[in-house]
Amino acid sequence: MFKNKALIGLFVCFALVMSACGSKAAAPAEPSKTTGDKPAAAQPAKETKLDQIKKAGKIVVGTSADYPPYEFHKEVNKKDEIVGFDIEIAKALAKDLGVTLEMKDMKFDGLLAALDAGNVDFVISGMTPTEERKKSVDFTKIYYTAVQTVVVRAEDKDKYKSVDDLKGKKVGAQKGATQEQIVKEQMPNSELKALGKISDLMLELKNKKVDALVVEQPVASAYLSKNKDLVITDVKLKTEDSGSAIALKKGAPELVDAMNKTLDKLMADKSIEKFVAEANDQVE
Ligand code: ARG
C-alpha cells in the first residue's frame, strides 16, 4: 500500500514538474509582465531586410532615368531599355546578393517617397547623400563624384562668366535635386524654374523659356553631345555636395553593409570607371 501511494505521489510530482515545464516553454509567447524580462531576448533573431530580399529572390531599384550617363532610356535591339553606369552598378549589387533586379523608373522627386512606402528596396539615381536626406534615409558610401556646371544656349556663352551674370535671369534645375538648392543659395537674384525631368529642362533652355540650367557635368556633357546649340559656361559653382551614393530605407544595416562591399570591389577593380566609359559610349 505504502509503496503504491509513494509511487502515485512520485507520479503526481513528475506530472506537476512537466506541466510547469510546459507552461514555462510557452511563456515567451506572452511577454511576462510580472518579471519585467525583455521577451525579445528569448526570441530567435528577427528576419532582416537582407534575409527577406534573398528569400524573395529579387530586389527592386528605383531610378529617374533622365540622367545620362548615370541612367537613361536607350533603344537596344528595337526595345526601350534603361541603361547607364548606375544601372550596371545595380545589376552587380543584385548579382552579389544572388537575386534578380527589377527596375522602376520615376521622377527624381518621387524616389525617396517610393523608398519610404516600400515600393522600391533601394534608390540609385546619381543621388547625393546630403545631411537633409540622411535624416530620413540611409546611404551607402559615395561611389562617384562629379562637379556642377551651368549650361546655356551656345550664342549666349560670352554673356555668362560668373553667377553675377545670371542676376535677373531664369535658371532651371531638377525638382527635388541638389541643383535646385544650388540655384536658391548661390543665385539668390535669379529666378528658379524647377521641373521634374532634365530632358524637359533642356527643351525649355532650347526654346528660350529659361536662360540657363544647373546640371552635373557628366549629364551636361551627355546632353550637349546631342544638342550642339547648347554649351557649358565657365561659371564656377561651389560644389561641396556632389557625390553619388545609394539610398536605402533606414533600419537595414546588413543591406547597407552588403552593398558597400560590392561598391568597394567595383571601385577597387576599376569596374565603375569602365561602366562610366561604356555608358558614355552609349549616349550617342
Ligand atoms: N546629384 C543630384 C541630387 O542628388 C541630382 C541627381 C539627379 N538624378 C537623376 N537621376 N535625375 O540631387
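What counts as what
Residues numbered from 1 in each chain as written. Predicted model: local features only at pLDDT ≥ 70, side-chain atom pairs only at ≥ 80, totals over all residues. Heavy atoms only, no water. Pairing = 2+ DSSP bridges. Helix = DSSP H or I, 4+ residues; strand = E, 2+ residues; numbered from the N terminus. Buried < 20%, exposed > 50% of the residue type's maximum accessible area, 1.4 Å probe, protein only. Right-handed = clockwise from strand over helix to strand, strands pointing away. Near = heavy atom within 4 Å. Polar contact = N/O pair within 3.5 Å; in protein donor to acceptor, adjacent residues only side chain to side chain. Areas by Shrake-Rupley, 256 points an atom, 1.4 Å probe, with all protein chains shown as cover. Nonpolar A, V, L, I, M, F, W, Y, C, P; charged D, E, K, R; others polar. Contact = heavy atoms within 4.5 Å. Axes fitted to C-alpha atoms, helices over the stretch in contact; angles between N-to-C directions. Parallel < 35°, antiparallel > 145°, perpendicular 65-115°, else oblique. Left-handed = near helix turned anticlockwise from the far one by under 90°.

Undergrad: Mind showing me how you'd approach the sheet that holds strand S3 (residues 71-76) here?
TA: The strands making up a sheet associate through backbone hydrogen bonding, with each pair oriented either parallel or antiparallel. Sheet architecture is open: three strands sit in the order S2-S3-S4, paired in antiparallel fashion. Pairing within the sheet leaves two strands with one partner each, and these edge strands are strand S2 (66-67) and strand S4 (79-83). Pairing geometry for S2 and S3, over two bridges, is antiparallel. Bridge pairing links Tyr67 to Glu71 in S3.

Undergrad: Teacher, can you tell me more about the pairing of strand S10 (residues 170-174) here?
TA: Consecutive residues of a regular strand have side chains that alternate between opposite faces of the sheet. Burial analysis of S10 places four of its five residues in the buried class, which makes it a mostly covered element. Relative to strand S11 (residues 191-195), S10 is paired through five bridges, and the arrangement is parallel. For Val171, the partnering residue across the bridge sits in S11 and is Leu192. The parallel pair S10 and S11, bridged by helix H6 (residues 178-186), forms a crossover whose chirality is right-handed.

Undergrad: How should the site of the ligand be read in this particular structure?
TA: Contacts to the ligand come from 15 residues, most closely from Ser125, Gly126, Thr128, Arg133 and Thr178. Within the backbone of Gly126, a nitrogen or oxygen atom sits 2.8 Å from a nitrogen atom of the ligand. Between the ligand and Gln174, the relevant distance is 2.8 Å, taken from a nitrogen atom to a side-chain nitrogen or oxygen of the residue. Relative to its unbound accessible surface of 350 Å², the ligand loses 100% to contact with the protein. Among the secondary structure elements, those contributing two or more residues to the shell around the ligand are S2 and H6. For the shell around the ligand, the class distribution of residues is four nonpolar, seven polar and four charged.

Undergrad: Sorry, what's going on with the side chain of Thr140 here?
TA: By the secondary structure assignment, Thr140 is in the loop between strand S7 (137-139) and strand S8 (144-145). With a relative accessible area of 6%, Thr140 lands in the buried category. The contacts of Thr140, once residues within four sequence positions are left out, are Ala245, Ile246, Leu248, Val256, Met259, Asn260 and Leu263.

Undergrad: I'm lost on the sheet that holds strand S15 (residues 247-249) in this one. Help?
TA: In space, the five strands of this open sheet follow the order S5-S1-S6-S15-S7, with mixed pairing throughout. Two strands bound the open sheet, and with one partner strand each, they are strand S5 (100-105) and S7. Here strand S1 (residues 58-63) runs beside S5; their pairing, made up of six bridges, is parallel. Looking at the pairing, Gly62 lines up with Lys104 of S5.

Undergrad: Before we go on, may I ask you to explain the environment of Asp165 in this structure?
TA: Among the secondary structure elements, Asp165 is positioned in the loop between strand S9 (148-153) and S10. Relative accessible area serves as the criterion here: at 28%, Asp165 is assigned to the partly exposed category. Sequence spacing of Asp165 and Ser190 is 25 residues, and the spatial spacing of their C-alpha atoms is 9.5 Å. Other than its neighbours up to four places away in sequence, Asp165 contacts Lys159 and Tyr160.

Undergrad: I would appreciate a short explanation of the packing of helix H3 (residues 85-97) against helix H9 (residues 253-268) in the present structure.
TA: A pair of packed helices can be characterised by two numbers: the angle between their axes and the separation between those axes. Running from N to C, H3 and H9 point in directions that differ by 120°, and their axes come no closer than 10 Å. For the element pair H3 / H9, the angle class is oblique. Both H3 and H9 take part in a crossing whose hand is right-handed. Across the interface between the two elements, Ile89, Ala92, Leu93, Asp96 and Leu97 from H3 touch Leu255, Ala258, Met259, Thr262, Leu263, Lys265 and Leu266 from H9.

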